[in-house]
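What follows is the residue order along each chain.
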Amino acid sequence: MRIPPVVRIALPFIIGIAIVGQGDGALCGKTGMTILLATSGLSTLLLFIFHGRKSTRGYPFGIAVVVLSMACGMLRMAISHYQLRSATASGGRVKAVVESIPEEKEKVWSMKIREEAEDDGYQLLYIRKDSLHDPSILLPGDTLIFKSMPPTYTYAALTQEEDSFSYYRRYLYNQHIYCTRFVFPAQWHVGGRSPGLSYRLKRLQRLITSDYDSLGIPRAERAVLQAMTVGAKALLRQTATSSRSSLQELYSSAGVSHVLALSGFHVGMIYAILHFLFMSRIISRRWRWVTGSAVVVVLWLFALVAGLPPSLTRAVVMCTIMSIATMLHRQAFGFSTITTAALIMLAYNPFCLMDVGFQLSFASVTAISACSPWLTNLNIRIQKTGWHGLIRYPLNYIASAFLITIVCTIATAGLVAHYFGAISLVGIFSNLIVSTLAILLMGCSILWWLTKWFGLGGLFGSLLGTLALWMNNSVEYLGSLSFSHLSWQPGTTGLIVYYLIFLSLFAWVRKSQK
């Protein structure tokens, strides 16, 4: 199998980021970055030396490309580490810009902020609760003026001895947050409102969630709707169930937490609906670039409203590349598309590689792309049966969903076990049930939004609550089964061995079918 050029460039780049990331930024000093710059320069020089019609097909040119890509990845990660470690938080009276919607916790409110004089990372601000001051009025883009206690730097978790908070500080560091601050209730006030795009989009997200509140459905069902449609997960984490401390934990126990995270599943539905509304298949070819551009703009607005989580960003970047490829009459989906999306995201923020959502998202979509020939063959075999469409179409859906679920479950099982210490044994069956309900719920949500402006949303609003209730009840039943989990938490070595075995078996199966 011929490896696409973008894959040959991206894999060493990703490996370089992983090396520096696993080494906790050991090369982020001046000496380390000088070595990486020298290696990049030498590799570039070798590329010019070996560049030619014959030499580009040989090993020297290929080795130079791999070394240059890896050095660029290591250098990009080292620069990000250096920027975070050199960032300093101001003392005294601080003026900052709110970067995320405040999230309510048991005793405090938390939000990401960025100092106006600092552009190298975020700070995590905790504001103590009281009855007179309400941080929930804040939106991204607002100016916040406060006086806090001395900041705690997150990169201390990489250089000091481990304690009970080291893992959390390391997590914050990988989220590009270089310090945390604590503010007492009376020591902050709003310095001004921003009329910018970020403020308007987050205000729109808040208006949408308040519209769901007006449906009159129970809190648990409302939390699922908000998470699945606009990415608002605060209510999800605060809503307890009869068997779990939160709905998020309940869905994780059943192996279906990915349904609540905006990703390719949700973007794919919106992508298909937009193409249907814009009649992309029947309009003239010379106008398809207009509809393709409109679809891309709507998808990016949706991603901005949801806060650009890694899984959603990956899906929107891939849809953007697919739309451009379609307009240029090129192959729209494959390893090149997936790799290009990863390369763009990691070049912008290499810390994405350390995010579990990013890893699970790309592992799933890569597995789906790898098994696409099997899906095509399965579809052809079902079409050849000659059965009636009422039997053939549901059978094709169930068979395809079952195959995709199996492949994605196996592809992500190692990562899930590594990070969460357990594997769901009912995930394959729960995914079939929950994914079907999620498709109905997403479609019903769109119909509700389209009809509510004409006074016809009552029927779809009631149906939304019913579908969300069925989903929660199904997940709670499956997650409560005594055999629903297998406890297993491999280390880094065990994780590598697992994926080597998985890739070997996959290659053997593909080869045996040829």
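Here the structure is shown first, and the text comes after it.
Presented here is an overview of the structure given in this document. Just so it is clear, the structure is predicted and the values come from calculations on it, not from any experiment.

When its secondary structure is counted, the protein shows 19 helices and 10 strands. Evaluated residue by residue, the protein yields a buried proportion of 43% over its 514 residues. Accessible surface, the protein as shown: approximately 27300 Å² in total, 65% of it carbon and sulfur.

The subject of this paragraph is the nonpolar core. One finds Val 224, Met 228, Tyr 251, Leu 441 and Met 471 to be the most contacted residues of the largest nonpolar core, which totals 32 residues. Counting only elements with at least two residues in this core, the list comes to helix 6 (197–213), helix 7 (219–230), helix 8 (234–238), helix 9 (247–253), helix 17 (427–451) and helix 18 (458–479). Among the elements that make up this core, the one with the highest residue count is helix 17 (7 residues). Apart from residues lying up to four places away in sequence, Met 228 is in contact with Val 259, Leu 260, Leu 262, His 266, Ala 438, Leu 441, Met 442 and Met 471. Ranked by size, the runner-up nonpolar core spans 25 residues in total, among them Met 74, Cys 179, Met 354 and Phe 362.

What follows is about helix 5 (residues 166–174). Considered for burial, the residues of helix 5 that qualify are Ser 166, Arg 169, Leu 172 and Tyr 173. Seen from one end, helix 5 has its buried residues packed into an arc of 125°, which puts them on one side. One or two steps after helix 5, the chain reaches His 176, where phi turns positive at roughly 70°.

Turning our eyes to something else, we now look at the packing of aromatic side chains. Centre-to-centre distance and the angle between the planes together describe a pair of aromatic rings. Scanning all chains against the criterion turns up 7 aromatic pairs. Look at Phe 358 and Phe 362: their rings are 4.5 Å apart centre to centre, the planes differ by 45°, and that puts the pair in the tilted class. Of this pair, Phe 358 and Phe 362 both sit in helix 14 (residues 356–370), separated by 4 residues, roughly a single helical turn. Judged by relative accessible area, which is 4%, Phe 358 ranks as buried. A relative accessible area of 9% means that Phe 362 is categorised as buried.

With respect to the secondary-structure elements, Ser 445 resides in helix 17. You can call Ser 445 buried: its relative accessible area is 3%. Excluding its chain neighbours within four sequence positions, the residues that come into contact with Ser 445 are Tyr 212, Thr 229 and Leu 464.

On to the packing of helix 1 (residues 5–22) against helix 13 (residues 335–348). Following both chains from N to C, one finds helix 1 and helix 13 inclined at 40°, their axes separated by 9 Å at the closest point. For the crossing formed where helix 1 meets helix 13, the hand is left-handed. Residues Val 6, Val 7, Ala 10, Phe 13, Ile 14 and Ile 17 of helix 1 pack against Phe 335, Ser 336, Thr 339, Thr 340, Leu 343, Leu 346 and Ala 347 of helix 13.

Moving on, we get to helix 7. For helix 7, built from 12 residues, the straight-helix expectation of 16 Å at 1.5 Å per residue is met to within 8% by its first-to-last C-alpha distance of 16 Å. Within helix 7, 10 of the 12 residues are buried, leaving the element largely enclosed by the surrounding structure. Considered for burial, the residues of helix 7 that qualify are Glu 221, Arg 222, Ala 223, Val 224, Leu 225, Gln 226, Ala 227, Met 228, Thr 229 and Val 230.

With that settled, the discussion passes to the packing of helix 12 (residues 310–327) against helix 13. Between helix 12 and helix 13, whose axes approach to 9 Å, the crossing angle comes to 125°. The angle between the axes of helix 12 and helix 13 places the two elements in the oblique class. By crossing handedness, the relation of helix 12 to helix 13 is classed as right-handed. Where helix 12 abuts helix 13, its residues Pro 310, Thr 313, Arg 314, Val 317, Met 318, Ile 321 and Met 322 lie against Thr 337, Ile 338, Thr 340, Ala 341, Ile 344 and Met 345. The residue makeup of the contact of helix 12 with helix 13, split by class, is 9 nonpolar, 3 polar and 1 charged.

In total, this model carries 4 salt bridges according to the counting rule given. The partner of Glu 103 in a salt bridge is Lys 105, and the shortest N-O contact between them spans 3.7 Å. With a closest N to O distance of 3.0 Å, Glu 104 and Lys 129 form a salt bridge. With Glu 104 in strand 2 (residues 103–104) and Lys 129 in the loop between strand 4 (122–128) and strand 5 (143–147), this residue pair connects regions lying 25 residues apart in the sequence.

What counts and what doesn't
- Residues numbered from 1 in each chain as written.
- Predicted model: local features only at pLDDT ≥ 70, side-chain atom pairs only at ≥ 80, totals over all residues.
- Heavy atoms only, no water.
- Helix = DSSP H or I, 4+ residues; strand = E, 2+ residues; numbered from the N terminus.
- Buried < 20%, exposed > 50% of the residue type's maximum accessible area, 1.4 Å probe, protein only.
- Areas by Shrake-Rupley, 256 points an atom, 1.4 Å probe, with all protein chains shown as cover.
- Core = buried A, V, L, I, M, F, W, Y, C linked by side-chain atoms within 4.5 Å.
- Contact = heavy atoms within 4.5 Å.
- Arc of directions from axis to C-beta.
- Phe/Tyr/Trp six-rings, centres within 6.5 Å; stacked < 30°, edge-to-face > 60°.
- Axes fitted to C-alpha atoms, helices over the stretch in contact; angles between N-to-C directions.
- Left-handed = near helix turned anticlockwise from the far one by under 90°.
- Expected span 1.5 Å × (residues − 1).
- Parallel < 35°, antiparallel > 145°, perpendicular 65-115°, else oblique.
- Nonpolar A, V, L, I, M, F, W, Y, C, P; charged D, E, K, R; others polar.
- Salt bridge = Lys/Arg side-chain N within 4 Å of Asp/Glu carboxyl O.

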